[in-house]
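# Fold and contact review
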Amino acid sequence: MKITDFKLYRDKCFINGQWINADSSEIISVNNPATLEEIGTVPKCGKNETKLAIEAANKSWPEWRAKSAKDRSVILKKWYELIIDNKEELAQMMTLEQGKPINESRGEIVYGASFIEWFAEEAKRIYGDTIPDPLTDRRILVIKQPVGVVASITPWNFPNAMITRKCAPALAVGCPVVIKPASQTPYSALALAALAEEAGFPKGTLNVITGKASEIGDELASNSLVRKLSFTGSTEIGKILLQKCAGTVKKVSMELGGHAPFIVFDDANIDDAVIGAIQSKFRNTGQTCVCANRIYAQDGIYDEFCQKFVQATSELKVGDGLNEETTSGPMIDEYSLEKVEEHVQDAIQLGAKIAIGGSKHSLGMNFYQPTILTDVTPEAKITSEETFGPVAPVYRFKDENEVISLANNSPFGLASYFYSRDIGRIWRVSEALEYGMVGVNTGLTSKAEAPFGGIKESGLGREGSKYGVDDFLEVKYVNMCGLDK
């Protein structure tokens, strides 16, 4: 299968309704992580093209925000329908460039589209307020208006859903968008742009630019026409972007790194906990910001949990994501694989034991064995650093207070999970965990209807749900006086 076989294949940037190359004619090579083969190229754009995209978006803003919420909703719903109609092709394109198993890609397309459907409906529910004034000849009105041009910088691990989750609410409330997808996975973004064009978005309302990450990011963060920047990626890069956005005092949303604890109490349903751990840890080969990074099992069930967890992990099928039987694909690149190897070797040197896996897969290239480590020490790098790979360290704990302390001992605060059947414990632990999201008796929490986001160094703002539109709106106070004359 070749990327050029797809009808939604585009190898140019989409700016102001036009498909263009970089001014310099430079290109970026895109490789299949499962085979390391080049599947195509995209333009290597920079500052000048980014300015054009921002200016096009800003020019389109008056027309787009002037449309009624219903009119914007109609276009968004058309976009949603086109994505669902092209689900299979979008999924295969994603697996070819990103590597995840085809069934996971299909799931992501539906998941990503659900944000468009949700915010197409939410667009009609942007309400203001009237507030009683202490003076009888006056009224206080509060209205909400679109913030302006929105820049979205998205990662490679969810190349469809991270775009729709950011852009659907922006577009719904009347903001035009400029999207910078990851260079490893540009085709999913360009395919979404092709479908957006077909759906009828006005020129300049949605733009996709590929190229030099630092140069494009600098312009998006510093350009005064951009009123809001939404970023998903590492905490390190997020902090740099925050500093750059400070120069123009932009609104920002940051969905940054995570280091999720996954806690199994001794009163839990162990079989359910194992299923949840597999889902949370090994989905997308462990390359998710919300995957389980530290698995804590209570003394009384530690051995049973580890035994069943190892058995379930042994049943994962590693291979090319385009194979229907594959449940664990390749790492995105060699650098990511090297980090996994470093974390595993460091943990072993500090006393950890390999329960299963522990090395590169026999397939070679970017493939790594699904791995479980036991008896991991607090000093190991994997205990404090995000691995972003298919490695699950398992730790013992004695009681509730101890594990809450261990779980919260992190600068990150994105996702957390725990399994228990004690209703009192469920309330206590849910409220005590210092994380923006808590999964109780589940390893999967993400959905369009729920607010996605973290606290501490895991970010700012929320995506999805009714809360997901707030960061794309400005609140305006109108003081109406002289009403008694």
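What you see is a predicted model, and the numbers here were worked out from it, not measured in a lab.

### Quick word on the environment of threonine 285
Inspection of the secondary structure assignment puts threonine 285 in the loop between α9 (270–282) and β13 (292–298). Here threonine 285 falls in the buried class, since its relative accessible area comes to 1%. C-alpha of threonine 285 to C-alpha of glycine 40: the two residues are 245 residues apart in sequence and 24 Å apart in space. With sequence-adjacent residues up to four places away left out, threonine 285 is seen in contact with Ser328, Gly329, Pro330, Met331, Gly389 and Pro390. Polar contacts involving the side chain of threonine 285 include one to the main-chain carbonyl oxygen of glycine 329, which spans 3.2 Å.

### Some words on the side chain of threonine 154
Relative to the helices and strands, threonine 154 is located in the loop between β7 (149–153) and α5 (161–173). By relative accessible area, which is 6% here, threonine 154 ends up buried. Those residues in contact with threonine 154 that lie beyond four places of it in its chain are Met162, Ile163, Lys166, Lys180, Pro181, Ala182 and Thr232.

### Some words on the packing of helix α3 (residues 87–98) against helix α6 (residues 186–199)
Orientation of α3 relative to α6, taken along the N-to-C sense of each, is 155 degrees, at an axis distance of 8 Å. By the angle between their directions, the pair α3 and α6 is classed as roughly antiparallel. Contact residues: α3 offers Leu90, Met93, Met94 and Glu97, while α6 offers Pro186, Tyr187, Ser188, Ala191 and Leu195. For the contact of α3 with α6, the residue count by class is seven nonpolar, one polar and one charged.

### Quick notes on helix α14 (residues 423–432)
All of the buried residues in α14 are Arg425, Ile426 and Val429. Burial along α14 is one-sided: seen end-on, the buried residues are contained in an arc of 100 degrees. Counted as exposed and oriented over 90 degrees from the buried face of α14: Ile423, Trp427 and Glu431. Where α14 is buried, its residues meet β13, α13 (400–408), β18 (415–419) and β19 (437–440). Capping the start of α14, aspartate 422 holds a side-chain oxygen 2.9 Å from the backbone nitrogen of glycine 424, two or three residues further along.

### Describing the nonpolar core
Judged by nonpolar contacts, the single largest core of 61 residues is most densely connected at Trp79, Ile83, Leu171, Tyr187, Phe201 and Leu206. In contact with phenylalanine 201, other than residues within four places in its own chain, are Trp64, Ile75, Leu76, Trp79, Leu171 and Ala196. Judged by nonpolar contacts, the second largest core, of 32 residues, contains Ala273, Ala277, Phe282 and Val290.

### Some points on helix α10 (residues 302–314)
The terminal C-alpha atoms of α10, which comprises 13 residues, lie 18 Å apart, in line with the 18 Å expected from a rise of 1.5 Å per residue. Listed in full, the buried residues belonging to α10 are Tyr302, Phe305, Cys306, Phe309, Ala312 and Thr313. Seen along its axis, α10 keeps its buried residues to an arc of 130 degrees; they face one direction. Projecting away from the buried face of α10 at angles above 90 degrees are the exposed residues Asp303 and Gln307. For α10, the elements touching its buried residues are β12 (260–264), α9, β13, β14 (353–356), β15 (371–374) and β16 (391–397).

### Points about the packing of aromatic side chains
Summed over the entire model, instances satisfying the criterion amount to 13 aromatic pairs. Residues tryptophan 156 and phenylalanine 388 carry aromatic rings whose centres are separated by 5.8 Å and whose planes lie at 90 degrees to one another, so their mutual orientation is edge-to-face. Taken as a pair, tryptophan 156 in the loop between β7 and α5 and phenylalanine 388 in the loop between α12 (381–384) and β16 lie far apart in primary sequence, 232 residues in all. A ring pair is formed by phenylalanine 282 and phenylalanine 309, whose centres lie 6.3 Å apart and whose planes are at 40 degrees; its orientation type is tilted.

### Some points on unusual backbone geometry
Positive phi, normally seen in glycine, also occurs at asparagine 16, with a value near 55 degrees. Relative to the elements of secondary structure, asparagine 16 occurs in the loop between β1 (13–15) and β2 (18–20). Notably, asparagine 441 is not glycine yet its phi reads approximately 60 degrees, a positive angle. Mapped onto the secondary structure, asparagine 441 falls in the loop between β19 and β20 (455–456).

### Describing the pairing of β12
β12 sits mainly inside the fold: five of its five residues count as buried. Because side chains alternate across β12, one face comprises the buried residues Ala260, Phe262 and Val264, and the other comprises Pro261 and Ile263, equally buried. Note: β12 against β13, five bridges, orientation parallel. Residue isoleucine 263 lies in a different strand from β13, and its bridge partner there is tyrosine 296. Summarising the sheet, β12 and β18 pair through three bridges and their orientation is parallel. Among the inter-strand pairings, valine 264 is bridged to a residue of β18, identified as tyrosine 419.

### Things to note about the sheet that holds strand β22 (residues 473–480)
On the basis of which strands lie adjacent, the open sheet formed by three strands has the order β5-β6-β22 and antiparallel pairing. Each of the sheet's edge strands pairs with one partner strand only, and the pair in question is β5 (129–131) and β22. With direction set aside, neighbouring strand axes in the sheet form an average angle of 25 degrees. As judged from the eight bridges shared by strand β6 (residues 139–146) and β22, these two strands associate in the antiparallel manner. Looking across to β22, one finds that proline 146 is bridged to leucine 473.

### Some points on the sheet that holds β12
Sheet architecture is open: seven strands sit in the order β14-β15-β16-β13-β12-β18-β19, paired in mixed fashion. What marks the edges here is a single partner per strand, and that holds for β14 and β19. Direction aside, neighbouring strands of the sheet carry axes that sit 25 degrees apart on average. Pairing of β15 with β16 involves three bridges; the strand directions are parallel. Residue pairing across strands places threonine 371 opposite valine 391, the latter belonging to β16. Packing against the sheet, α13 makes contact with β12, β13 and β16, and its axis sits at approximately 170 degrees to β13.

Reading the values: rules and limits
Residues numbered from 1 in each chain as written. Predicted model: local features only at pLDDT ≥ 70, side-chain atom pairs only at ≥ 80, totals over all residues. Heavy atoms only, no water. Helix = DSSP H or I, 4+ residues; strand = E, 2+ residues; numbered from the N terminus. Buried < 20%, exposed > 50% of the residue type's maximum accessible area, 1.4 Å probe, protein only. Contact = heavy atoms within 4.5 Å. Polar contact = N/O pair within 3.5 Å; in protein donor to acceptor, adjacent residues only side chain to side chain. Axes fitted to C-alpha atoms, helices over the stretch in contact; angles between N-to-C directions. Parallel < 35°, antiparallel > 145°, perpendicular 65-115°, else oblique. Nonpolar A, V, L, I, M, F, W, Y, C, P; charged D, E, K, R; others polar. Arc of directions from axis to C-beta. Core = buried A, V, L, I, M, F, W, Y, C linked by side-chain atoms within 4.5 Å. Expected span 1.5 Å × (residues − 1). Phe/Tyr/Trp six-rings, centres within 6.5 Å; stacked < 30°, edge-to-face > 60°. Pairing = 2+ DSSP bridges.

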